[in-house]
Amino acid sequence: MNHRTYDFNAIVPRRGSGCVKWDTTEPGVIPMWIADMDFKAADPIIEAINRRAAHGVFAYTQVTDEYYDAVIRWFARRHGWDIRREWIQYTIGVVPAISCIIKALAMPGDKVLVTTPVYNCFFSSIRNIGCEVAESPLLVGKDGKYHFDWSGFEEQCADPKVVAYILCNPHNPGGRVWTREELLRITDICVRHHVHVISDEIHNELVMPGYTYIPFASVSAEALHHSTTCISASKSFNIAGLQMANIVCADPALSRRIDRAINIHEVCDVNPFAPVATIAAYNECEDWIEQLNQHIFRNSQVLQQRIDNESHGLLTNMPLEGTYLAWTDCSRLCQKLGCNVQELQDMLTEQAKVYLNAGTHYGASGEGFIRMNLACPQPVLDEALNRLFAFLKKAVQ
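This structure is a prediction, so every number in the text was calculated from the model and none was measured.

A. The overall build of the protein chain, seen in detail. Within the protein chain one finds 14 helices and 15 strands. In terms of overall dimensions, the protein chain is globule-like: its C-alpha atoms have a radius of gyration of 21 Å, near the 21 Å expected for 397 residues. Out of the 397 residues belonging to the protein chain, those deemed buried represent 56%. In the protein chain, of all internal contacts separated by at least 6 residues, the share reaching a separation of at least 24 is 74%. For the protein chain, the accessible area works out to roughly 16,700 Å², and carbon and sulfur atoms hold 50% of it.

The structure is reproduced here in structure tokens:
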């Protein structure tokens, strides 16, 4: 494999491309909300798509052994997880995958547990199946990071109505990359209370220096046989619009029920570009992901330096271990302005011309936090931060 060097600070066209991130944001506003990157995909992915497009026939797509081999080799090589071919089912995305797994596991009226704040689509996936959301809020430790409230988590799992827990690994928002010890403790609690773990690992390749992503199902035989994992190249390689994800389940009976749910929901057919893009990503783009993570880490350092030097103690940034989504405590700023975080989001959009996500999108425990997408060229980040800190300077006068 030839090593390539990528320039993540290259400015690419913004509006008019049909991208939700830019084209649904008001002109003049910098969008740093939705979890999409501003970078072109890696060259081998673009080349693979161009070769497939040149074929000229876009019929129903057969997913070949080459696809499964690429997925299996990648996770074995990078993460020490040996996935068997028969464990893998594909669908059009991780959110549809989660919905199908819940459908296979739960009856209407059952509860599905989440540790909040957490990705907002978990809530709709649970409710759309007719289930109830159970919440175990994460706690901010002395290190400024999220940690499980283990007693509260076990209390929720002990509820007979709770049949499943959706783990976000790495966690969105908050950027935690859960340790082996934490994953084993989750396993112990969930197995004892007969709670199936649905592990959303879509951010798995987006890990900062010094941290290691560990697939939940790889930590023990019990974790493997009491969980279902959702993985995709989409988030890490910026190909979410191609729409393809994998469900990994080692339980044959549950796999059959999931397959039935996939077909009931009619999310079983992928487009012809998704498999070839995934094959290229996993076979040829390891250099791209390594360089990308270094760029995101540098952007996170830039943000931290600006907060340290210019926030007047009104902002605190949660240390970023994984994902490209900064999670910033704005509660003191909200208190000074006499607003809640949703009102702060609106003020930042209207006055600073920067569109961020209010933390309450991810559950009530997100009050006081703002989520910021750091997967952009540094000049874009610099301009956004200039606007944000100009707004903050006026606020403290």
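Still more to cover.
B. Region of interest: empty space enclosed by the protein. Scanning the entire structure with this criterion turns up two cavities of 30 Å³ or more. Looking at the largest cavity, its volume works out to about 160 Å³. Together, 16 residues line the largest cavity, and L315, C330, L356, M372 and L388 are the ones closest to its centre. Secondary-structure elements contributing two or more residues to the lining of the largest cavity are α11 (286-310), α13 (341-352), β15 (369-373) and α14 (378-396). When grouped by side-chain class, the residues that make up the lining of the largest cavity number 15 nonpolar, one polar and no charged.

C. View of the layout of surface pockets. Of the pockets and cavities examined, the largest pocket occupies roughly 1,200 Å³. Lining the largest pocket are 49 residues, with A35, D36, N238, A240 and G241 positioned closest to its centre. Of all the secondary structure elements, the ones that give two or more residues to the lining of the largest pocket are α1 (20-23), α2 (43-55) and α4 (94-105). In terms of residues, the lining of the largest pocket owes the most to one element, α2, which gives four residues. Here the lining of the largest pocket is composed, by residue class, of 28 nonpolar, 13 polar and eight charged. Residue lining of the second largest pocket: 17 residues in total, with R52, E66, P275, V276 and I279 positioned closest to the centre. The element best represented in the lining of the second largest pocket is helix α10 (residues 273-284), accounting for six residues. Among the residues forming the lining of the second largest pocket, the class breakdown is eight nonpolar, five polar and four charged.

D. Quick look at the packing of α4 against helix α9 (residues 252-264). The geometry of α4 relative to α9 is characterised by a closest axis approach of 8 Å and an angle of 120° between their N-to-C directions. In terms of orientation, α4 and α9 fall into the oblique class. Along this stretch, α4 crosses α9, giving a crossing that reads as right-handed. Along the contact surface, α4 presents C100, I101, K103, A104 and L105, while α9 presents L254, R257, I258, A261 and I262. The residue makeup of the contact of α4 with α9, split by class, is eight nonpolar, no polar and two charged.

E. The side chain of E182, seen in detail. With respect to the element layout, E182 can be found in helix α7 (residues 180-192). Here E182 falls in the buried class, since its relative accessible area comes to 11%. Ignoring any residue separated from it by four or fewer positions in sequence, one finds E182 in contact with H147, W150 and R176.

F. Structural detail: α4. For α4, built from twelve residues, the straight-helix expectation of 16 Å at 1.5 Å per residue is met to within 8% by its first-to-last C-alpha distance of 16 Å. Looking at α4, one finds that the buried residues are V94, A97, I98, S99, C100, I101, I102 and A104.

Each value, and the rule that gives it
Residues numbered from 1 in each chain as written. Predicted model: local features only at pLDDT ≥ 70, side-chain atom pairs only at ≥ 80, totals over all residues. Heavy atoms only, no water. Helix = DSSP H or I, 4+ residues; strand = E, 2+ residues; numbered from the N terminus. Rg over C-alpha atoms; globule rule 2.2 N^0.38 Å. Buried < 20%, exposed > 50% of the residue type's maximum accessible area, 1.4 Å probe, protein only. Contact = heavy atoms within 4.5 Å. Areas by Shrake-Rupley, 256 points an atom, 1.4 Å probe, with all protein chains shown as cover. 1 Å grid on protein atoms, 1.4 Å probe; cavity = no way out; pocket = protein on both sides within 12 Å on 5 of 7 lines; lining within 4 Å. Points joined across faces, edges and corners; volume = space filled by probe spheres on them. Nonpolar A, V, L, I, M, F, W, Y, C, P; charged D, E, K, R; others polar. Axes fitted to C-alpha atoms, helices over the stretch in contact; angles between N-to-C directions. Parallel < 35°, antiparallel > 145°, perpendicular 65-115°, else oblique. Left-handed = near helix turned anticlockwise from the far one by under 90°. Expected span 1.5 Å × (residues − 1).

Everything listed here is a matter of coordinates, which is why it stays silent on function.
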